[in-house]
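In case you want the letters, here they are:
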Amino acid sequence: MKYTITGDNLQFVNVELAADEEFHSQAGAMAYMTGNMRMESAMEGGFMSGLKRSISGSSLFLLKYKPQGGSGVVGLGGRVPGKILDIDVGKGTWICQSSSYLGAEPTVRLDLAFQKKLSSALFGGEGFILQKISGKGMAFIAACGDLNVVELKPGEVYKVSTSNAVAWEESVKYDIAAAGGIKTAMFGGEGLFVTTLTGPGKIVIQSMTLAELAQALIPYLPNNN
Amino acid sequence: MADANMKKAGTGKSALGLVLIAIGIIAIIAAVVWVLMQPGALETLANVAIVAILVIFGIIIIFYAVVALAAIPLYAMKGEQYQEGIDYSMDDVQPVKESSSEDPKNGTS
């Protein structure tokens, strides 16, 4: 499989498959495909796997792409203005915010993951339910805004605004901490808590969440008055 | 050349399936309308809906109240955490741009 990720803030991932290769994506992600490509929806892994995928923000059915007797190309697009990120899952399991999975090689496994701590689930900004991407091969995730990737060394800590952590390697410890004193908590705009990500491992941070984007657009939405 | 290599996979059975699904949806809507037209059915359904909405609202309010009450003790317990005597560099922060499988370091991981 060969791929390119193109575009600025509404990116494509363009995947070229050889005749015997296959690629999976979540339902609705396909933007285009060549004439020799066939897609088929399948409840990959059975009903329970499909249900878990669905709960994690992906789709009950996955789309399977396979070129017919030659190489073919399929292009996927994200659902929100933002970036697409390529992840080599063979080098480590990743935990991602729900709905971020876009597509992957068939050897990649998408599963449901839960926040381990109740406090992180309630106040970390990512909720109880996350996506776990494991196995072997390339996977693609999409998130709103621009993305930064940081490789944390053991013991290094990044404090991230709640809900701005897109993905992190399983080795990274996810927790919350107080944002600051009473002045910061009341007037800092970050609320009571920030998310803390402690290395070792890679983390992906977004500049803007979908909720922030929606909130920023509200004053400019047309009304009937 | 492309036309010469074009093949057609039949979708007749799929179309028939779609028609059957559409008929099924119409039948379900008709059944619901018929039930609602029975005397007393609408009143019973409205009562059930009101109770269900009140219960859902109650659960949501209780959940948010518990979360709000838990936030303050947790805020006190967690404290503001910060490190001292460690250097971080902006060079460690890599922006996500266009990429490809041909890149020497493809894949984020």
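Predicted model, so just to flag it, every value in this text is computed and none were measured.

### Some points on the overall build of chain B
Here's step 1: For chain B, the helix and strand inventory stands at two helices and two strands.
Here's step 2: Going from the N terminus to the C terminus, chain B shows its helices and strands as α-α-β-β.
Here's step 3: Scaling as 2.2 N^0.38, a compact globule of 109 residues should have a C-alpha radius of gyration of about 13 Å, whereas chain B reaches 30 Å, well beyond that.
Here's step 4: Taken over 109 residues, chain B has a buried fraction of 5%.

### Here's the deal with the pairing of strand 16 (residues 165-169) of chain A
Residue and element names in this part refer to chain A.
Here's step 1: Summarising burial for strand 16: five of the five residues are buried, a large majority.
Here's step 2: The sheet contact formed by strand 9 (residues 94-97) and strand 16 spans three bridges and is antiparallel. Across the sheet, the residue bridging to Trp94 is Glu169, located in strand 16.
Here's step 3: As paired elements, strand 16 and strand 19 (residues 201-206) share three bridges and run antiparallel to each other. The partner of Trp168 across the bridge, within strand 19, is Ile203.

### Observations regarding the confidence of the model for chain B
Residues and elements named next belong to chain B.
Here's step 1: Counting all residues, the mean pLDDT for chain B is 87, and 93% of those residues have values of 70 or more.
Here's step 2: Model confidence for chain B, summarised as mean pLDDT per element, is weakest for strand 2 (residues 99-100) at 86 and strongest for helix 1 (residues 12-36) at 94.
Here's step 3: Interface confidence for the predicted complex, expressed as ipTM, amounts to 0.76; the pTM equals 0.86.

### A closer look at the environment of Ala71 of chain B
Here's step 1: With respect to the helices and strands, Ala71 of chain B occurs in helix 2 (residues 41-78).
Here's step 2: In this structure, Ala71 of chain B is in contact with Phe123 and Leu192 of chain A, ignoring residues within four places of it in sequence.

### Here we look at the sheet that holds strand 1 (residues 2-6) of chain A
Here's step 1: In space, the five strands of this open sheet follow the order 4(A)-7(A)-2(A)-1(A)-2(B), with antiparallel pairing throughout. Two strands bound the open sheet, and with one partner strand each, they are strand 4 (30-33) of chain A together with strand 2 of chain B.
Here's step 2: Pairing of strand 1 of chain A with strand 2 (residues 12-17) of chain A involves five bridges; the strand directions are antiparallel. Pairing of Tyr3 of chain A across the sheet is with Val15 of chain A, part of strand 2 of chain A.

### Considering the interface of chain A and chain B
Here's step 1: Taken together, the contact between chain A and chain B spans 34 residues of the former and 25 residues of the latter.
Here's step 2: Residue assignment for the side of chain A that touches chain B shows that the elements contributing at least two residues are strand 1, strand 8 (82-88), helix 2 (118-123), strand 14 (147-152) and strand 17 (173-178) of chain A.
Here's step 3: Split into classes, the residues belonging to the side of chain A that touches chain B amount to 17 nonpolar, eight polar and nine charged.
Here's step 4: Sheet topology places strand 1 of chain A next to strand 2 of chain B; two bridges connect them, and they run antiparallel.

### Section: unusual backbone geometry
Residue and element names in this part refer to chain A.
Here's step 1: Of the consecutive residues Gly199 and Pro200, the connecting peptide bond is found in the cis state with omega at 15°.
Here's step 2: At Ser99, a residue that is not glycine, the phi angle is positive and equals roughly 75°.
Here's step 3: With respect to the helices and strands, Ser99 occurs in the loop between strand 9 and strand 10 (101-104).
Here's step 4: Classification of Ser99 as partly exposed rests on a count of 19 C-beta atoms within 10 Å.
Here's step 5: For Ser163, which is not glycine, the phi torsion reads 80° and is therefore positive.
Here's step 6: Position of Ser163 among the secondary structure elements: in the loop between strand 15 (157-160) and strand 16.

### Quick notes on the sheet that holds strand 18 (residues 193-198) of chain A
Residues and elements named next belong to chain A.
Here's step 1: Pairing in this open sheet of three strands is antiparallel, and the strands run 15-18-17 from one edge to the other. Of all the strands in the sheet, the pair left with one neighbour each is strand 15 and strand 17. On average, each strand axis in the sheet is tilted by 30° relative to the strand beside it, whichever way the strands run.
Here's step 2: Taken together, the six bridges between strand 17 and strand 18 define a ladder with antiparallel strand orientation. Across the sheet, residue Ile176 finds its bridge partner in strand 18, namely Thr195.

Definitions and limits used
- Residues numbered from 1 in each chain as written.
- Chains lettered and ligands numbered in written order.
- Predicted model: local features only at pLDDT ≥ 70, side-chain atom pairs only at ≥ 80, totals over all residues.
- Helix = DSSP H or I, 4+ residues; strand = E, 2+ residues; numbered from the N terminus.
- Rg over C-alpha atoms; globule rule 2.2 N^0.38 Å.
- Buried ≥ 20, exposed ≤ 12 C-beta atoms within 10 Å, placed from the backbone.
- Pairing = 2+ DSSP bridges.
- pLDDT = per-residue confidence, 0-100.
- Contact = placed C-beta atoms within 7 Å.
- Nonpolar A, V, L, I, M, F, W, Y, C, P; charged D, E, K, R; others polar.
- Axes fitted to C-alpha atoms, helices over the stretch in contact; angles between N-to-C directions.

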